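# What the coordinates show
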Amino acid sequence: MNHNLSPAEMARYARHIAIPEFGIAGQEKLKAGRVLVIGSGGLGSPVLLYLAAAGVGNIGIVDFDVVDDSNLQRQVLFTTDDVGKSKAETAKERLLALNPHLNITVFKTRFTRENALELVNQYDVVADGTDNFPTRYLVNDTCVLAGKVNVYASIFQFEGQVSVFNYPNADGTRGPNYRDMFPEPPPPGLVPNCAEGGVLGVLPGIIGSMQASEVIKVLTGVGEPLAGRLFLFDAASFTTRILKVHSSPDTKITELINYEQFCGLESPADQKPVKEITVQELNEWMVQGADFQLIDVREPHEYAIANLDGELIPLGTVAAAAHKFSKDKKVVVHCRSGVRSAKAIRELEGLFGFDNLYNLKGGILAWSQEIDAAVPTY
Amino acid sequence: MAKIIIPTPLRKFTDNSGVFETTGTTVQEAIQQLTQTHTNLERHLLDDHKNLRSFIRVYLGEDDINSLQKGATSVAKDAVISIVPAIAGGSH
């Protein structure tokens with residue numbers, strides 16, 4: 001029989017080849033397949049492990065980050081010894097140990113609108129395992145513009161979502177994409193990310209495995225991909241739902257845009273900037289014993305992980321608790337990274353006319369990185 | 001009674017409740033009952049014109065209400081309404 005699989009590969013993939021609908025032809029398609037996995041963390045870990053084990057021949061990994069202690073609860077690609085190392089490089093090493101019959105390319109960079117099309121154009125399918133709305137929309141729009149399938153998954157606390165976006169229909173059109181579901185992102189601060197809101201460690205294992213399964217189906221043509229449908233899983237109640245997704249005539253994607261601004265994370269030119277203070281300046285104030293108030297607008301569970309001994313007033317309650325903010329001395333407001341505290345300041349300035357509020361630039365993360373490494377990051 | 005399933009990110013506005021039972025006979029009535037009971041939820045679900053926000057989808061069974069009669073869609077007594085928000089977690 002003519003095929004491109006070596007005896008060693010035939011032996012390795014025997015359980016695939018034994019599936020009648022899959023066979024040698026399916027395995028050859030996997031070997032020829034090219035998949036770009038964006039993010040090698042919670043979702044990326046199971047996706048990469050299963051794609052590598054399955055024999056997807058050409059895998060690209062985009063991740064600029066390094067392994068952190070807080071990753072190990074769910075990012076099963078990495079071990080304690082990997083903390084501080086490049087995620088993408090470490091993932092490549094682990095995957096080649098699992099399956100040496102693969103070409104794995106590492107892109108130790110952020111996925112940006114400057115490099116997005118160039119990266120995606122080198123691959124057939126994209127697996128989106130990113131962790132923020134700007135990159136979600138960037139991945140989606142790039143896939144639409146480049147004509148690539150976007151195998152999407154997302155997680156939060158106990159819930160996961162999976163879908164296959166921009167899948168080619170028989171008539172040459174493309175199926176729904178992420179913007180057909182969600183034309184615009186939620187405002188910053190409403191839907192916390194996993195760092196702020198948490199995630200059950202096993203959840204990305206479940207959802208990422210489904211994502212890998214959809215990638216394999218798209219590459220091989222076996223089965224019916226989850227196009228035009230959104231799968232929802234709630235681990236807390238063990239309920240699953242599959243909902244229909246329709247293309248919208250209002251969705252128009254013609255170019256890549258400024259996604260930070262689109263998602264409200266970059267102040268528009270006409271938005272009044274908030275006053276800022278750096279962690280170095282705050283440290284000096286503390287050392288000098290300056291008279292100021294420090295307020296933390298994160299959630300109580302975040303405060304329990306790490307705090308600067310500030311007064312805890314969560315973002316959702318700042319308006320009701322405005323009387324707790326001093327008006328006769330400087331008030332430093334902080335959160336994890338500086339986004340929520342800026343939002344709190346704008347709200348208080350707009351509603352009550354405060355002019356003595358200072359946003360801690362970079363939040364408690366910057367404090368940990370630049371002032372006191374003993375303060376845990378999360 | 002019909003049920004509205006509240007997604008995790010919005011449960012902080014429903015006293016951590018994941019299900020809301022409603023006697024509303026249309027989707028709009030059902031959502032109104034929900035937001036009247038959990039008043040803090042309203043501004044996260046609806047804009048100033050009482051339209052659903054663009055990062056929220058509402059489903060009756062497996063169908064997006066936008067593909068049915070939107071807010072006027074009839075709700076049977078055993079119906080399940082799902083509120084589906086955009087979530088973005090995955091990497092960190």
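See the structure shown above.
This report concerns the structure included in the present document.

Definitions and limits used
Residues numbered from 1 in each chain as written. Chains lettered and ligands numbered in written order. Predicted model: local features only at pLDDT ≥ 70, side-chain atom pairs only at ≥ 80, totals over all residues. Heavy atoms only, no water. Helix = DSSP H or I, 4+ residues; strand = E, 2+ residues; numbered from the N terminus. Rg over C-alpha atoms; globule rule 2.2 N^0.38 Å. Buried < 20%, exposed > 50% of the residue type's maximum accessible area, 1.4 Å probe, protein only. Contact = heavy atoms within 4.5 Å. Areas by Shrake-Rupley, 256 points an atom, 1.4 Å probe, with all protein chains shown as cover. Lys, Arg positive; Asp, Glu negative; His and termini not counted. Charge placed at Lys NZ, Arg CZ, Asp CG, Glu CD. Salt bridge = Lys/Arg side-chain N within 4 Å of Asp/Glu carboxyl O. Polar contact = N/O pair within 3.5 Å; in protein donor to acceptor, adjacent residues only side chain to side chain. 1 Å grid on protein atoms, 1.4 Å probe; cavity = no way out; pocket = protein on both sides within 12 Å on 5 of 7 lines; lining within 4 Å. Points joined across faces, edges and corners; volume = space filled by probe spheres on them. Nonpolar A, V, L, I, M, F, W, Y, C, P; charged D, E, K, R; others polar. Pairing = 2+ DSSP bridges. Axes fitted to C-alpha atoms, helices over the stretch in contact; angles between N-to-C directions.

Our next topic: the overall build of chain A. What chain A contains, in helices and strands, is 15 helices and 13 strands. Over its C-alpha atoms chain A spans a radius of gyration of 23 Å, differing by no more than 12% from the 21 Å that the globule rule assigns to 378 residues. Summarising its shape, the C-alpha atoms of chain A cover approximately 85 × 50 × 40 Å along the three principal directions. In chain A, buried positions account for 52% of the 378 residues. Across chain A, every contact between residues at least 6 apart in sequence was considered, and the portion connecting residues at least 24 apart equals 67%. By element, 52% of the accessible surface of chain A is carried by carbon and sulfur atoms, the whole surface being about 16500 Å². Separation of charge centres in chain A, based on 34 positive and 45 negative side chains, amounts to 4 Å.

The next point concerns the interface of chain B and chain A. With 28 residues of chain B at the contact, the number on the chain A side is 46 residues. Along the contact surface separating chain B from chain A lie 4 salt bridges. Where B:D63 meets A:K244, a salt bridge forms, and the shortest distance between an N and an O atom there is 3.1 Å. Joining chain B to chain A, the criterion identifies 16 residue pairs in polar contact (both at pLDDT 80 or more). Contributions of two or more residues to the side of chain B that touches chain A are made by β3 (56–60) and β5 (80–85) of chain B.

With that out of the way, let us pick up empty space enclosed by the protein. Once rolled over the atoms, a probe with the size of a water molecule shows which space is left empty. Residue and element names in this part refer to chain A. All chains considered together, the criterion is met by 2 cavities of 30 Å³ or more. In this model, the largest cavity occupies a volume close to 40 Å³. Lining the largest cavity, in full, are E159, G160, L232, F233, D234, T239, T240 and R241. For the lining of the largest cavity, the secondary-structure elements that each account for two or more residues are β6 (159–165), β7 (229–234) and β8 (239–244). Partitioned by chemical class, the residues of the lining of the largest cavity number 2 nonpolar, 3 polar and 3 charged.

Residues and elements named next belong to chain A. Overall, mixed pairing links the 8 strands, which are arranged β3-β2-β1-β4-β5-β6-β7-β8 in an open sheet. Each edge of the open sheet carries a strand with a single partner, namely β3 (103–107) and β8. This sheet shows a mean twist of 15° between the axes of neighbouring strands, independent of strand direction. Sheet analysis places strand β4 (residues 125–128) next to strand β5 (residues 149–156), joined by 4 bridges and oriented parallel. Paired with V125 across the bridge in β5 is V149. Across the sheet, helix α10 (residues 203–220) is in contact with β1 (34–38), β4, β5, β6 and β7; its angle to β5 comes to roughly 170°.

Note that every value here comes from positions in space, so none of it alone points to a role or purpose.
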